[in-house]
Amino acid sequence: MPTDLDRQEAWLSREELDNVRGRVPILYVAAVPVHVADNGEVTGVGLLLRGKSSGTMERELIAGRVNYHERVRDALVRHLEKDLGPMALPSVPASPVPFTVAEFFPTPGITPFHDPRQHAVALSFIVPVRGDCAPQQDALDLAWLTPEEASETGLHAEMGGGHGALLQQALSHLGHSRF
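So, here is what we can say about the structure in this document. Quick caveat, the model's predicted, so the values are computed rather than measured.

Cut-offs used in this document
- Residues numbered from 1 in each chain as written.
- Predicted model: local features only at pLDDT ≥ 70, side-chain atom pairs only at ≥ 80, totals over all residues.
- Heavy atoms only, no water.
- Helix = DSSP H or I, 4+ residues; strand = E, 2+ residues; numbered from the N terminus.
- Buried < 20%, exposed > 50% of the residue type's maximum accessible area, 1.4 Å probe, protein only.
- Polar contact = N/O pair within 3.5 Å; in protein donor to acceptor, adjacent residues only side chain to side chain.
- Contact = heavy atoms within 4.5 Å.
- Pairing = 2+ DSSP bridges.
- Salt bridge = Lys/Arg side-chain N within 4 Å of Asp/Glu carboxyl O.

### Regarding the side chain of Glu-60
- One can find Glu-60 in strand 3 (residues 57-60).
- Using a relative accessible area of 10% as the deciding quantity, one classes Glu-60 as buried.
- Engagement of the side chain of Glu-60 in a polar contact is seen with the side chain of Lys-52, the distance being 2.2 Å.
- Leaving out residues up to four positions away in the same chain, Glu-60 has contacts with Leu-47, Leu-48, Arg-50, Lys-52, Met-159 and His-163.

The following block contains the structure:
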């Protein structure tokens, strides 16, 4: 007899997810993919380009839900491979520690992070990738920027939902703060 742990179906149907999103916070992981030189210096920061339903284009970080009965580490690897491809080879430690926790609210202005669909909590990680990366799924492009290029405030302003603020926090954590 199969148990709940044996289920391979989606976490929730679209209708169930919409209902839950209006009632409880949803757990997400967010990732800032980086290239790291042999000396440990960050040489590149990866940003995705996606088309929005409004017809605009935005740079984004990697982010997605943690599924029921899924470890945070496994969700992080799944989303990195989904967006960067199976040959990205992310270096995620056995017990990853986020550089920050971002709280996304459906009401703008409570925090720098906004998601009109829901209240979401994102454990946010900086993840070195060693392999070949290419945009996957609905991502149109993957740009590798130097930390200095990624620090440009104009770029942060063009990133929706607070992804620019999250990128700024990641760069500060890496010692590349412009402020």
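### Some thoughts on the pairing of strand 6 (residues 120-128)
- Pairing geometry for strand 1 (residues 26-36) and strand 6, over nine bridges, is parallel. Looking across to strand 6, one finds that Tyr-28 is bridged to Ala-122.
- Pairing analysis gives five bridges linking strand 5 (residues 100-104) to strand 6, with the strands arranged antiparallel. For Glu-103, the partnering residue across the bridge sits in strand 6 and is Val-121.

### What to know about the pattern of salt bridges
- Taken as a whole and judged by the stated rule, the model has nine salt bridges.
- With a closest N to O distance of 3.0 Å, Asp-83 and Arg-50 form a salt bridge. Here Asp-83, found in helix 2 (residues 72-84), pairs with Arg-50, found in strand 2 (residues 42-51); they are 33 residues apart in sequence, far enough to count as distant. Take Asp-83 and Arg-50: they sit in the same class, and that class is buried.
- In this structure, the salt-bridge partner of Arg-117 is Asp-115, at a minimum N-O distance of 2.7 Å.
- Here the residues in one salt-bridge network are Arg-50, Lys-52, Glu-60, Lys-82, Asp-83 and Asp-138, joined through shared partners.

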